[in-house]
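Chain by chain, the residues:
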Amino acid sequence: MGRLDVRVRTHLDSTVCYLAREDTLEERVTIRELSLSGALVVGLSTQLSELFAIRPVLPGTGEVELLAKLVRQGKGGSAIRLYYSDQNTMQALWEHIRDHLPPTSSCPYCGHPDDSREGSCDNCNLYLNFSKKNYLERHIENTFAQRLNIRLSRLNLEHIQKIIHFVDSKLLKIQHRSPDREFIGTSPGMLTVFSMLRKVAPTEMSVLLLGESGTGKEVTARSLHTLSGRRDGPFVAVNCAAIPETLLEAELFGYEKGAFTGAYATKKGKFESADGGTLFLDEIGDLPATLQAKLLRFLEDRLVQPVGSALSKKIDVRIVAATNCDLQLSMAQGRFRTDLFYRLNSFTIKLPPLRERGDDKVRLATYFLEKFSRNENRFMEFSEEALEAIRRHPWPGNVRELENKVRRGFLMASGRVIDPECMELDQVDPAVVPDPEPKPASAQRDYVIKVLEQNGYVIAKAARQMQISRPSMYALIKKHGISRDDMK
Ligand SMILES: Nc1ncnc2c1ncn2[C@@H]1O[C@H](COP(=O)(O)OP(=O)(O)O)[C@@H](O)[C@H]1O
Ligand SMILES: [Mg+2]
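Residues numbered from 1 in each chain as written. Chains lettered and ligands numbered in written order. Predicted model: local features only at pLDDT ≥ 70, side-chain atom pairs only at ≥ 80, totals over all residues. Heavy atoms only, no water.

Could you give me a rundown of the packing of aromatic side chains, with the residues and numbers involved?
This structure, assessed with the given rule, holds 12 aromatic pairs. On the numbers, 5.0 Å between centres and 20 degrees between planes, the contact of Trp94 with Tyr135 is stacked. Here the residue Trp94 occupies a position in helix H1 (residues 87–99), and Tyr135 occupies one in helix H2 (residues 135–152), the gap between them amounting to 41 residues. Overall, the relative accessible area of 3% leaves Trp94 in the buried class. Residue Tyr135 is classed as buried on the basis of its relative accessible area, which comes to 1%. Counting every residue linked through ring pairs, the aromatic cluster contains Trp94, Tyr127, Phe130 and Tyr135. The lysine or arginine in question, Arg138, covers the ring of Tyr127, its NZ or CZ lying 3.8 Å from the ring centre. (Phe/Tyr/Trp six-rings, centres within 6.5 Å; stacked < 30°, edge-to-face > 60°. Helix = DSSP H or I, 4+ residues; strand = E, 2+ residues; numbered from the N terminus. Buried < 20%, exposed > 50% of the residue type's maximum accessible area, 1.4 Å probe, protein only. Lys NZ or Arg CZ within 6 Å of the ring centre and 35° of its normal.)

Shown next as structure tokens:
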């Protein structure tokens, strides 16, 4: 195979400008050979490692600017690689190259003789109709796969995985087959979850979600709602364990005015609020026996009877229930109705614990970091050690714990890089470990002051917002020398 760019001899006076230098040194050089991807330059005196600008003066067009990088320097001159920031410059340079093609009839790419320069070369198959206006566009399109191939052959597997991830998430905006961009997972366990989710979402079936605390049951319930025909209706979540038993019935089913002391007005229950949508009953294992019976009746006839009312209302709600407790055990102990269990259990999705999700741990951590970075407009990254620590940690507290550790790392890191210590993954509290070599930490200092201000300088409140302990908060204040003056 020949080359993918035509290279011609030329004589172009140019200026070189070193971007990264304070003195913005300019130098006059001459381009002796030119192709779209690179050039041979004479007169370049300095050995450069960074990008620089080169401004050739093209006859007819005038001066254009390109970015360049030195590839090698020899007796005959310096070989440089060229980069374009706009299409017009590329077109102008191409026209210059085209006008300097030697007047032979052989193919300028592979040297194959006797080519008519119309259509494509018989040997290398590249398009040769140089007089066509859109020649450059077509040539780049035609050679795209080959150009990519040359680069791909230099990559290892890890590079390729990174690229695929980048292309999927940033360019094509595919979130690895997950049903929603905020729902992260590519491990086999999560792919099973996603596939079940897609199957059941469009149906009217009740769904039971099982999994340890923080494995994403609520996220799954929301996705079920979004992927269903009810997506334009309400999604209402009730935590059955968080509401005292005496209030739960009224909360769920609503009440009539005067139904009990304090019922001054008629109030809608959660079932009615979720009419036309989805009702998420979290911690269903904690539902008291009387309400288990009421829920079972609802699942059978779809009728809701508010407390103190003689009438029942027809309600159109899909039930998604979740629990992290062992319902089999609760049934054996007589705490959960078997008939209700079988009603709910017709379709069950089990969320795997984070420790069984392989590289999802790193993907989730990266996702949370990107989210915090965007929210705070402060861009951070993990060190290699941090990623390794994330992989190794047993994650007893699941995704919520991971999110908190990443948040902690985001707040605690002094520079742009998050180490395992900042996330307390090695049981070290960074706030109380003196910095061996003080790093610029003004971003963190500013952040701490901002949080203190937002919380009226109440240490306990600020600590809670940052999700760190009070001693850690004091240590941070001390570490940054935040004085009473800063805090008024
Ligand atoms: N697969 C996931 N992708 C993104 N965020 C997740 C995922 N799983 C859980 N989370 C996040 O972790 C936290 C806990 O999830 P949640 O659904 O409340 O868990 P559970 O209801 O099982 O206790 C939430 O902040 C949620 O957004
Ligand atoms: Mg939950």
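After presenting the structure, the write-up continues.
Any details on helix H13 (residues 398–412)? Residues and values, ideally.
Across its 15 residues, H13 extends 21 Å between first and last C-alpha, which sits within 8% of the 21 Å expected from 1.5 Å per residue. The buried fraction of H13 amounts to 12 of the 15 residues, a majority that puts the element mostly inside the structure. Regarding H13, the residues found buried are Asn398, Val399, Glu401, Leu402, Lys405, Val406, Arg407, Arg408, Gly409, Phe410, Leu411 and Met412. (Expected span 1.5 Å × (residues − 1).)

Residues and numbers for the sheet that holds strand E13 (residues 318–323), please.
The parallel open sheet is built from five strands, whose spatial order is E9-E10-E13-E8-E14. Here the strands that pair on one side only, and so sit at the sheet edges, are strand E9 (235–239) and strand E14 (348–350). Going across the sheet, the axis of each strand differs from the next one's by a mean of 20 degrees, ignoring polarity. In this sheet, E13 lies alongside strand E8 (residues 207–210) in parallel orientation, the contact comprising four bridges. Of the residues in E13, the one forming a bridge with Leu208 is Ala321. Lying on the sheet, helix H4 (residues 188–200) is in contact with E8, E13 and E14; it crosses E14 at an angle near 160 degrees. (Pairing = 2+ DSSP bridges. Axes fitted to C-alpha atoms, helices over the stretch in contact; angles between N-to-C directions. Contact = heavy atoms within 4.5 Å.)

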